[in-house]
Number of protein chains: 4
Amino acid sequence: MGNVSQPIDLRSDTVTKPTRDMLEAMSRADLGDDFFRDDPTVLAFEEEAADLLGLEAAMLVISGTMGNIVSCMALSSRGESFIVESRAHIQINESGWPSTLAGLTPRPITGTNGAISPGALEETIQDSRSRLGVPSRLLCLENTHNAAGGRVMVPWQIATLAGIAHSNGLRVHLDGARIFNASVALGRPVRDFVRDVDTATFCLSKGLSCPLGAVVAGGADVIKEARRWRQVVGGGMRQAGVIAAAGQVALRSMVDRLQQDHENATVLASRLEAAGVDIDVQAVETNILFVNLPVRGFDPLLFHAGLLEKGVVVNPPKGGRVRLVVHRHVSKSDAMAAADLFVEAFHAAC
Amino acid sequence: MGNVSQPIDLRSDTVTKPTRDMLEAMSRADLGDDFFRDDPTVLAFEEEAADLLGLEAAMLVISGTMGNIVSCMALSSRGESFIVESRAHIQINESGWPSTLAGLTPRPITGTNGAISPGALEETIQDSRSRLGVPSRLLCLENTHNAAGGRVMVPWQIATLAGIAHSNGLRVHLDGARIFNASVALGRPVRDFVRDVDTATFCLSKGLSCPLGAVVAGGADVIKEARRWRQVVGGGMRQAGVIAAAGQVALRSMVDRLQQDHENATVLASRLEAAGVDIDVQAVETNILFVNLPVRGFDPLLFHAGLLEKGVVVNPPKGGRVRLVVHRHVSKSDAMAAADLFVEAFHAAC
Amino acid sequence: MGNVSQPIDLRSDTVTKPTRDMLEAMSRADLGDDFFRDDPTVLAFEEEAADLLGLEAAMLVISGTMGNIVSCMALSSRGESFIVESRAHIQINESGWPSTLAGLTPRPITGTNGAISPGALEETIQDSRSRLGVPSRLLCLENTHNAAGGRVMVPWQIATLAGIAHSNGLRVHLDGARIFNASVALGRPVRDFVRDVDTATFCLSKGLSCPLGAVVAGGADVIKEARRWRQVVGGGMRQAGVIAAAGQVALRSMVDRLQQDHENATVLASRLEAAGVDIDVQAVETNILFVNLPVRGFDPLLFHAGLLEKGVVVNPPKGGRVRLVVHRHVSKSDAMAAADLFVEAFHAAC
Amino acid sequence: MGNVSQPIDLRSDTVTKPTRDMLEAMSRADLGDDFFRDDPTVLAFEEEAADLLGLEAAMLVISGTMGNIVSCMALSSRGESFIVESRAHIQINESGWPSTLAGLTPRPITGTNGAISPGALEETIQDSRSRLGVPSRLLCLENTHNAAGGRVMVPWQIATLAGIAHSNGLRVHLDGARIFNASVALGRPVRDFVRDVDTATFCLSKGLSCPLGAVVAGGADVIKEARRWRQVVGGGMRQAGVIAAAGQVALRSMVDRLQQDHENATVLASRLEAAGVDIDVQAVETNILFVNLPVRGFDPLLFHAGLLEKGVVVNPPKGGRVRLVVHRHVSKSDAMAAADLFVEAFHAAC
Ligand SMILES: [Ca+2]
Ligand SMILES: [Ca+2]
Ligand SMILES: [Ca+2]
Ligand SMILES: [Ca+2]
Ligand SMILES: [Ca+2]
Ligand SMILES: [Ca+2]
């Protein structure tokens with residue numbers, strides 16, 4: 001259970017701290033200057049990551065957002081539009097880099113469970129070709145989809161959308177910040193989720209528990225181009241083997257355990273549902289839950305503060321919902337305790 | 001009536017040709033090099049336009065889109081977002097300059113009859129302030145609203161929205177491409193529609209019948225800044241008095257006659273409605289009509305071609321609707337004839 | 001001689017006013033909406049301009065700067081560099097659009113008489129390919145070169161530089177604002193000056209005496225792309241036939257007379273030199289002169305004001321020189337009078 | 001002496017590897033999610049860095065380039081120009097981010113020993129204000145100046161240039177990648193070098209031997225703004241305490257030892273000079289040396305390969321010079337050995 005000294009932190013899986021194995025690997029890693037491609041740990045890690053994804057090449061970056069930036073810049077030109085689900089991380093949580101830095105106009109489509117429909121995709125592409133439109137040349141997917149509640153897009157959905165995109169001359173980027181959650185949830189190898197896209201990113205710092213870092217992967221040419229863009233945005237690194245070393249531990253030992261997070265998320269959701277809270281347990285496919293809060297007769301600020309006081313940390317509710325994210329520091333008993341404390345705080349705020 | 005040699009052109013009021021008076025004024029105009037501010041006709045026209053709008057300063061530009069560009073660039077900085085109705089001309093018909101050129105992220109809000117609601121505006125502004133958001137510093141309004149069917153936003157609506165914007169630190173730009181249509185429709189002076197905004201544009205080349213040109217108006221400082229941006233986008237002009245001279249004729253003699261276009265639009269709409277076509281006559285406030293086409297059992301391509309063959313030119317239907325725009329070259333009898341021909345082509349396509 | 005009511009204006013050839021023939025052509029022109037490609041005068045003019053240059057396609061724009069913008073945007077992508085002479089108009093007199101709008105980094109090379117050397121071009125291209133450089137994909141030339149004093153780059157120089165550029169994967173744009181001056185000066189057809197470049201612009205509003213406008217020409221594909229960029233920067237026009245009509249007159253009747261401007265420029269230069277002013281008559285190849293002013297014992301403000309008072313208008317001296325531009329409104333006797341008045345004002349300022 | 005297994009690496013001080021103390025600090029560091037400002041090590045480090053510089057606030061970034069990017073974006077707006085020495089790192093070694101990302105036009109000035117002259121600064125500012133110029137609002141300085149050979153700009157020079165800038169409405173950024181080298185070389189506290197600027201960056205990964213990271217410092221407001229820009233470019237980090245922990249060790253124990261690098265650089269330079277190599281020992285103020293190579297009768301590729309074979313690693317010569325950088329992994333005896341091997345390879349290449 002959460003107490004003052006050790007709250008249960010459900011804000012994000014980014015709060016995960018490195019394991020002892022990671023810290024040891026970091027301090028023992030063979031290092032060099034990655035600008036000169038001299039860091040053996042980075043080189044080995046990038047190769048391992050590319051192999052795991054079944055793609056030609058990979059590159060370490062400092063964050064998932066940077067992975068999205070350099071991928072999309074490598075795949076696009078100024079003055080084009082890109083198509084993205086309207087609640088995707090790129091669209092609502094990445095500080096506007098597409099328009100600010102890349103000269104890209106967003107053309108958002110509202111999807112179902114984070115997945116846009118093939119029909120809407122085709123229509124939006126056609127629309128973008130009008131004489132006063134902004135031609136679309138890039139489709140961005142997100143899997144699992146954060147704002148949709150960690151929902152999984154299955155490989156055939158990706159193949160369908162990427163097929164439409166490619167046959168219309170668009171490139172495809174997958175924001176796979178939590179692609180290993182999708183892989184584990186479906187019990188299918190991660191490469192099945194990326195084979196149809198031009199670039200894919202995944203995060204080391206979320207469920208995989210690393211302190212820092214993300215990976216961009218794709219064909220050798222596009223990764224070469226992305227490497228140049230990483231330099232442009234100031235993301236070049238030197239003895240980056242310290243980050244890669246933790247990444248190696250993550251790829252080898254932290255992927256399978258995501259299953260535990262998913263189970264604990266279901267435990268948390270079920271217990272909340274059993275207590276009458278508005279949550280759809282069937283919709284909990286991975287490690288993210290959204291609880292709908294009452295519109296009337298409910299004080300979200302009081303709820304948020306009360307929950308914090310009880311030792312459960314969440315982000316402030318927004319848009320009538322509160323997000324709960326399960327990760328390595330949330331045990332099954334934490335999940336149960338968090339559910340009970342949630343219910344207490346909930347009733348106190350009614 | 002439309003015949004082969006003289007079709008009835010309902011594509012846009014931009015097709016209006018200059019009047020004989022305009023052409024004479026153009027050829028008689030006192031000219032100079034406007035870069036040096038030496039063109040007396042431009043100087044006089046800009047002053048006249050500013051006075052008419054009740055604003056400090058005005059500037060001639062070559063197009064309404066350029067007016068929007070230089071206004072918004074003068075009012076914003078890179079890396080900000082701007083709020084705009086989701087079907088506004090800037091959002092869907094201006095080739096994506098906000099993201100492409102200005103580093104501005106669109107935050108569209110779907111409105112009613114082209115007007116966004118005060119509540120949605122406030123919420124979007126707050127949202128934009130989140131740590132991963134893109135701070136909004138600019139609100140763009142459009143009046144009359146083209147894609148909403150030439151709907152008029154009344155002065156108190158503008159005042160309300162501008163008030164919310166200003167009290168939250170946003171500047172306000174009015175895309176008044178057809179602001180004189182709004183003014184004439186309500187029977188209120190045009191200055192009532194611009195007094196609450198920081199910049200406003202209007203087009204000379206639409207209902208006012210000029211061959212070219214638009215005007216940007218606002219405070220002296222912002223117009224000075226917009227003048228620099230006009231140079232940046234390549235919009236600086238030399239003996240621009242030839243354009244301004246037509247503009248002078250337009251401001252003096254072409255505004256009141258817009259009433260005629262509005263009446264003819266109503267004639268056209270009423271006749272269509274009487275024939276059973278899906279159109280809301282009450283919604284026709286100015287010179288633009290949208291007709292909803294049947295979703296099933298209707299061939300829009302056949303309809304479009306058939307109408308053209310009968311001598312009525314419209315843009316291809318899009319999104320299940322067809323737009324009809326009335327202007328100086330569409331007389332009352334043209335409007336009636338166009339309605340009848342529309343109905344014929346319509347039935348042939350069912 | 002210049003008098004109060006009719007000063008001799010040597011600031012720029014942009015001050016030229018339309019001829020009576022132009023104004024008549026403008027008022028008689030067949031017009032249409034060029035957005036719909038319905039303006040017959042624009043269509044005919046663009047074809048005539050393309051033919052004259054021996055290029056596939058041409059497009060009317062409102063200014064030479066806009067011609068440079070849309071050409072370069074069509075030929076480049078964000079994040080590249082472009083190579084340009086360090087005193088070229090694009091580099092010093094176009095308000096910074098390359099970095100501001102196009103994401104292009106300037107890599108200026110100082111040339112001789114406005115022409116960069118082949119060796120420096122090759123070296124700069126190679127340099128740009130370094131891992132921390134900005135890859136060059138565009139070369140911009142200017143002919144005649146304004147800041148170099150209207151100097152002419154001969155066709156083999158253009159061919160040499162363009163050849164180096166193309167063999168290194170760069171595209172080539174020619175800012176030919178005054179390309180007809182080059183053509184007339186060398187007595188060679190204008191097409192000889194543009195056959196090796198991807199896009200070329202020329203101005204209607206300078207020596208050719210039009211009130212407004214410029215032309216972009218090149219291959220059909222690149223002009224199609226440039227047309228889209230013209231829309232993005234707000235340069236789309238409606239009944240642009242009024243501008244094109246003047247352009248037609250210019251192409252047919254104003255080119256050959258540039259020879260007169262060149263002769264008058266030489267008259268002016270010779271008379272100044274004879275009076276002991278620091279000017280290189282041999283360097284006067286077309287209609288632009290630069291006079292070097294004394295560094296010490298000379299008051300440039302006094303000189304400028306004095307000259308103005310005597311009825312000769314020039315731009316304020318800058319960088320120790322004053323520019324004199326001869327054009328259609330400067331007759332031979334004006335040139336002689338201007339020289340004498342210059343000398344008077346010069347001595348008064350020593 | 002360099003041998004096969006342990007070459008003497010003079011390419012850059014970025015090749016420095018973390019010390020044992022750093023690695024231990026990294027593995028023991030108290031960590032949290034810096035996005036939530038929950039990482040105590042980051043917070044403490046940022047405060048320590050700000051205090052050391054005598055500035056209000058500081059922020060950790062992943063690279064010096066990113067530090068320059070986010071500082072300059074916080075201090076500028078799109079469409080402005082910035083003034084910078086023509087061989088500054090920002091101008092030639094940062095992949096063109098100013099034009100590519102920030103809409104900033106470079107206005108380079110060639111300085112002496114990396115320092116631009118006050119007169120040239122004033123003139124360039126004035127020039128930028130012309131009607132067709134790009135207004136300068138930012139001055140970027142670099143200290144020590146890499147391409148000038150690690151030359152030190154003394155505090156009064158910074159004060160003079162910053163004074164001119166500020167009194168003309170420009171903000172000032174100091175690229176202090178090696179500012180501690182300047183501080184140690186002059187024996188003056190680092191705060192003396194930053195008190196007149198708006199933002200300053202320094203690198204952890206160079207002479208200070210950290211694996212990764214740099215710091216941006218300045219007033220609280222500008223650092224807040226820079227923090228937003230760090231997010232925009234994808235530089236946000238999570239458990240960044242692992243980087244900050246090494247930074248703490250660096251600030252406490254790696255600054256004074258830079259003196260040793262400077263001494264060894266002088267040893268290297270003196271020994272080269274004594275052997276007749278073209279190097280100016282007086283110009284070696286810190287840890288960077290440039291050796292001028294013969295223009296004729298010298299094979300730079302052979303020299304580079306020969307030196308590498310002998311166990312001395314340098315970057316390929318460029319522009320007729322080769323750079324040698326001394327750092328923690330270059331002992332005094334390494335410096336002497338490197339000089340001797342350099343001379344051998346040099347003669348073999350003549
Ligand atoms: Ca983590
Ligand atoms: Ca018109
Ligand atoms: Ca942009
Ligand atoms: Ca002219
Ligand atoms: Ca830019
Ligand atoms: Ca290092």
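From a predicted model like this one, the values you see are computed outputs, not experimental measurements.

Caption draft 1: Spatial organisation of the overall build of chain A. If you tally the helices and strands in chain A, you get 14 helices and 11 strands. Rg of the C-alpha trace for chain A: 20 Å, near the compact-globule value of 20 Å for 350 residues, within the 12% margin. With respect to the principal axes defined by its C-alpha atoms, chain A has extents near 55 × 55 × 35 Å. Expressed as a percentage of its 350 residues, the buried residues of chain A come to 65%. In chain A, of all internal contacts separated by at least 6 residues, the share reaching a separation of at least 24 is 77%. For chain A, the exposed area adds up to about 11900 Å²; of that, 49% sits on carbon and sulfur atoms. With 33 positive and 39 negative side-chain charges, chain A shows a spacing of 4 Å between the two charge centroids.

Caption draft 2: How the structure looks around the packing of helix 13 (residues 300-309) of chain C against helix 14 (residues 332-348) of chain C. Residue and element names in this part refer to chain C. Running from N to C, helix 13 and helix 14 point in directions that differ by 145°, and their axes come no closer than 8 Å. Like other packed secondary-structure pairs, helix 13 and helix 14 cross with a definite hand, here right-handed. Contacts from L302, F303, G306 and L307 of helix 13 reach helix 14 at L341, F342, A345, F346 and A348. Of the residues that constitute the contact of helix 13 with helix 14, the class distribution is 8 nonpolar, 1 polar and no charged.

Caption draft 3: How the structure looks around the packing of aromatic side chains. Enumeration over the complete set of coordinates arrives at 24 aromatic pairs over all chains. Considering the side-chain rings of B:F180 and B:F202, the 4.9 Å spacing of their centres and the 85° angle between planes classify their relative orientation as edge-to-face. Here B:F180, found in helix 8 (residues 179-186), pairs with B:F202, found in strand 7 (residues 199-203); they are 22 residues apart in sequence, far enough to count as distant. Exposure remark for B:F202: the relative accessible area of 1% places this residue in the buried category. Between D:F342 and D:F346, the ring centres sit 6.3 Å apart and the planes meet at 15°, which makes this aromatic pair stacked. Of this pair, D:F342 and D:F346 both sit in helix 14 (residues 332-348), 4 residues apart, which is roughly one turn of the helix. Both residues of the pair, D:F342 and D:F346, count as buried. Three or more aromatic residues link up through ring pairs in this structure, and these residues are A:F298, A:F303, A:F342 and A:F346. Just above the ring of A:F35 sits the side chain of C:R131; from NZ or CZ to the centre is 4.0 Å. In this structure, D:R321 packs its charged tip against the face of D:F290, placed 3.6 Å from the ring centre.

Caption draft 4: Main features of the coordination of the calcium ion (ligand 4). For the calcium ion (ligand 4), the full set of protein donor atoms is B:Q239 (OE1), C:T14 (O), C:T16 (O), C:T16 (OG1), C:S205 (O) and C:C210 (O), at a range of 2.4 to 3.0 Å. Here the calcium ion (ligand 4) is ringed by 6 donor atoms whose angles at the metal span 71 to 154°, and the overall shape comes out irregular. We classify C:T14 as buried; its relative accessible area is 1%. On the basis of relative accessible area, C:T16 is assigned to the buried category, the value being 0%.

Caption draft 5: Up close: the pattern of salt bridges. All names here are of chain B. Applying the stated criterion across every chain, the model contains 72 salt bridges over all chains. In this structure, the salt-bridge partner of R227 is E46, at a minimum N-O distance of 3.3 Å. Linking R227 in helix 9 (residues 220-232) with E46 in helix 2 (residues 40-53), this pair joins segments that are 181 residues apart in sequence. Residue R227 shares its accessibility class with E46, and that shared class is buried. K310 is paired through a salt bridge with E344; the nearest N and O atoms lie 3.3 Å apart.

Caption draft 6: Quick peek at the coordination of the calcium ion (ligand 2). The calcium ion (ligand 2) binds to the protein through B:T14 (O), B:T16 (O), B:T16 (OG1), B:S205 (O), B:C210 (O) and C:Q239 (OE1), with metal-donor distances spanning 2.4 to 2.9 Å. In this structure, the calcium ion (ligand 2) is coordinated by 6 donor atoms arranged in irregular fashion, with angles at the metal of 72 to 153°. Taken together, the positions of B:T14 in the loop between strand 1 (8-9) and helix 1 (20-28) and C:Q239 in the loop between helix 10 (220-232) and helix 11 (241-253) put the pair across two chains. Summarising the burial analysis for this pair, B:T14 and C:Q239 share the class buried.

Caption draft 7: Summary view of the interface of chain C and chain B. Chain C puts 44 residues into the contact, and the matching count from chain B is 45 residues. Both faces considered, chain C and chain B share a buried interface measuring about 3400 Å² in area, 61% of it formed by carbon and sulfur atoms. Where chain C packs against chain B, one counts 2 salt bridges. C:R11 serves as the salt-bridge partner of B:D38, at 2.6 Å between the closest nitrogen and oxygen. Our count for the chain C to chain B interface comes out at 18 residue pairs in polar contact (both at pLDDT 80 or more). For the side of chain C that touches chain B, the secondary-structure elements that each account for two or more residues are helix 1 (20-28), helix 3 (64-75), helix 5 (97-101), helix 10 and helix 11 of chain C. Tallied by class, the residues present in the side of chain C that touches chain B amount to 22 nonpolar, 15 polar and 7 charged.

Caption draft 8: Here's a closer look at the relation of the copies chain A and chain D. The two copies are related by a screw motion: chain A maps onto chain D through a turn of 180° and a shift of 0.0 Å along the axis, at an RMSD of 0.0 Å. Each copy turns onto its partner about a two-fold axis. Among all residues of chain A, the minimum C-alpha distance to the rotation axis is found for A:L101, at 2.5 Å. A shared binding surface is used by both copies, with 98% of the interface residues of chain A retained as interface residues in chain D.

Caption draft 9: Spotlight on the sheet that holds strand 6 (residues 171-175) of chain A. All names here are of chain A. Spatial ordering of the open sheet is given by 2-8-7-6-5-3-4, a layout of 7 strands whose pairing is mixed. Among the strands making up the open sheet, the edge pair consists of strand 2 (57-61) and strand 4 (105-109). Taking the axes of each pair of neighbouring strands and ignoring which way they run, one obtains an average angle of 20° across the sheet. In the sheet, strand 3 (residues 81-85) pairs with strand 4 via 5 bridges, with the strands oriented parallel. Residue S81 lies in a different strand from strand 4, and its bridge partner there is T105. Contacting strand 2, strand 5 (136-142), strand 6, strand 7 (199-203) and strand 8 (214-218), helix 3 (residues 64-75) crosses the sheet at an angle of about 180° to strand 6.

Caption draft 10: Layout of the interface of chain A and chain D. Opposite the 45 residues of chain A that make contact, chain D presents 44 residues. Both faces combined, the contact of chain A with chain D buries some 3400 Å², and carbon together with sulfur accounts for 61% of it. The interface formed by chain A and chain D holds 2 salt bridges in total. Seen at the junction of chain A and chain D, the total is 18 residue pairs in polar contact (both at pLDDT 80 or more). At the level of secondary structure, the elements contributing two or more residues to the side of chain A that touches chain D comprise helix 1 (20-28), helix 3, helix 5 (97-101), helix 10 (220-232) and helix 11 (241-253) of chain A. In the side of chain A that touches chain D, the residues fall into 22 nonpolar, 16 polar and 7 charged.

Caption draft 11: Summary view of empty space enclosed by the protein. Overall, the coordinates contain 13 cavities of 30 Å³ or more when judged by the stated rule. Around the largest cavity sit 24 residues that line it, and A:T100, A:L101, B:T100, C:T100 and D:T100 are the ones nearest its centre. Here the lining of the largest cavity is composed, by residue class, of 8 nonpolar, 12 polar and 4 charged.

Caption draft 12: Just helix 8 (residues 179-186) of chain D, in detail. All names here are of chain D. Burial runs high along helix 8: 6 of the 8 residues are buried. All of the buried residues along helix 8 are I179, F180, N181, A182, S183 and V184. G187 lies just past helix 8 and shows a positive phi near 65°.

Caption draft 13: Main features of the domain arrangement of chain A. Residues and elements named next belong to chain A. The domain architecture assigned to chain A consists of domain 1 (8-15 + 257-348) and domain 2 (20-253). Inter-centroid distance (C-alpha atoms) of domain 1 to domain 2 is 28 Å. Contact residues are listed per partner, giving 16 residues for domain 1 and 19 residues for domain 2. Viewed at the interface, domain 2 and domain 1 are joined by 2 salt bridges. For the salt bridge of R151 with E285, the shortest nitrogen-to-oxygen distance reads 3.3 Å.

Caption draft 14: Local environment of the pairing of strand 5 (residues 136-142) of chain D. Residues and elements named next belong to chain D. Among the 7 residues in strand 5, 6 count as buried, and that is most of the element. Sheet analysis places strand 3 (residues 81-85) next to strand 5, joined by 4 bridges and oriented parallel. Residue pairing for strand 5: V84 is matched across the bridge by C140.

Caption draft 15: Structural detail: the environment of B:D21. All names here are of chain B. Mapped onto the secondary structure, D21 falls in helix 1. Among the residues examined, D21 registers a relative accessible area of 49% and is labelled partly exposed. For D21 and S253, which are 232 residues apart along the polypeptide, the C-alpha to C-alpha distance reads 9.7 Å.

Conventions used here
Residues numbered from 1 in each chain as written. Chains lettered and ligands numbered in written order. Predicted model: local features only at pLDDT ≥ 70, side-chain atom pairs only at ≥ 80, totals over all residues. Heavy atoms only, no water. Helix = DSSP H or I, 4+ residues; strand = E, 2+ residues; numbered from the N terminus. Rg over C-alpha atoms; globule rule 2.2 N^0.38 Å. Buried < 20%, exposed > 50% of the residue type's maximum accessible area, 1.4 Å probe, protein only. Contact = heavy atoms within 4.5 Å. Areas by Shrake-Rupley, 256 points an atom, 1.4 Å probe, with all protein chains shown as cover. Lys, Arg positive; Asp, Glu negative; His and termini not counted. Charge placed at Lys NZ, Arg CZ, Asp CG, Glu CD. Axes fitted to C-alpha atoms, helices over the stretch in contact; angles between N-to-C directions. Left-handed = near helix turned anticlockwise from the far one by under 90°. Nonpolar A, V, L, I, M, F, W, Y, C, P; charged D, E, K, R; others polar. Phe/Tyr/Trp six-rings, centres within 6.5 Å; stacked < 30°, edge-to-face > 60°. Lys NZ or Arg CZ within 6 Å of the ring centre and 35° of its normal. Donors = N, O, S within 2.8 Å, 3.2 Å for Na, K, Ca; no water. Tetrahedral: all angles 85-135°; square planar, octahedral: opposite > 155°, others 65-115°. Salt bridge = Lys/Arg side-chain N within 4 Å of Asp/Glu carboxyl O. Buried area = accessible area lost by both parts, 1.4 Å probe. Polar contact = N/O pair within 3.5 Å; in protein donor to acceptor, adjacent residues only side chain to side chain. Least-squares fit on C-alpha atoms with pLDDT ≥ 70 in both. Pairing = 2+ DSSP bridges. 1 Å grid on protein atoms, 1.4 Å probe; cavity = no way out; pocket = protein on both sides within 12 Å on 5 of 7 lines; lining within 4 Å. Points joined across faces, edges and corners; volume = space filled by probe spheres on them. Domains from an automatic or database assignment.

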